[in-house]
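Residue strings, one per chain:
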Amino acid sequence: MNEKPKMTMSIIGEDGSIDEVEVVIAFEFKDTNREYVVYTKNEKDANGNVTVYVSHVDRSGETPKLYSIDDEDEWNRVKDVLRKLSKKD
């Protein structure tokens, strides 16, 4: 079985701390040109499920920045993508 190599990225927190995280998937909505990344620190919740995080990627500056998704309509679109991806397995 061929296993895909894990893709990682470094996230620098507001306090200067650095987290190495595993990228689950990145995607873009072509109609809005907004890019998103789904990543994990491989933490598990009380039920044993791996916790994932989703952020909007802003590449307008020298260094890409991650932002939370605050708009409900935008978040619903992202959740639809995640649902479709989870059904592919």
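Everything that follows concerns the structure shown earlier in this document.
It should be emphasised that the depicted structure is a prediction, and the values quoted were computed from it without experimental measurement. Note on numbering: residues in each chain are counted from 1, in written sequence order. Note on the predicted model: pLDDT of at least 70 is required for a residue's local features to be given, and 80 or more for side-chain atom pairs to be given and counted; whole-chain, interface and lining totals, by contrast, use all residues. Values shown for side chains rest on all heavy atoms present in the structure; no hydrogens or waters enter the calculation.

### Focus on helix α1 (residues 72–87)
Here is step 1: The terminal C-alpha atoms of α1 lie 23 Å apart, and with 16 residues this matches the ideal 22 Å at 1.5 Å per residue to within 8%.
Here is step 2: Pairing of N or O atoms within 3.5 Å defines a polar contact, subject to two protein rules: one partner must be a possible hydrogen donor and the other a possible acceptor, and residues neighboring in sequence count only if both atoms are side-chain atoms. Secondary structure follows DSSP: runs of H or I at least 4 residues long count as helices, runs of E at least 2 residues long count as strands, and numbering of each begins at the N terminus. Sitting at the amino-terminal end of α1 is D71, which places a side-chain oxygen 3.2 Å from the backbone nitrogen of D73. How far a helix is expected to stretch is found by multiplying one less than its residue total by 1.5 Å.

### Description of the packing of aromatic side chains
Here is step 1: Stacked, tilted and edge-to-face are the three classes assigned to paired rings of Phe, Tyr and Trp, where Trp is represented by its six-membered ring and a pair needs centres within 6.5 Å; plane angles under 30 degrees give stacked, over 60 edge-to-face, the rest tilted. For the structure shown, the criterion picks out four aromatic pairs.
Here is step 2: An angle of 70° between the planes, with centres 5.7 Å apart, marks the rings of F27 and F29 as edge-to-face.
Here is step 3: Since its relative accessible area comes to 10%, F29 is described here as buried.
Here is step 4: Among the aromatic residues, those joined into a ring-pair cluster are F27, F29 and Y36.
Here is step 5: Positioned above the aromatic ring of Y53 is the side chain of K41, whose terminal nitrogen or guanidinium carbon lies 5.4 Å from the ring centre.
Here is step 6: Comment: the charge-over-ring label is applied if NZ (Lys) or CZ (Arg) is within 6 Å of the ring centre and within 35 degrees of the ring normal. The positively charged end of R77 is found above the aromatic ring belonging to F29, 4.0 Å away from the centroid. Three exposure classes are used, based on accessible area relative to the maximum for each residue type with a 1.4 Å probe and protein chains only: buried under 20%, partly exposed in between, and exposed over 50%.

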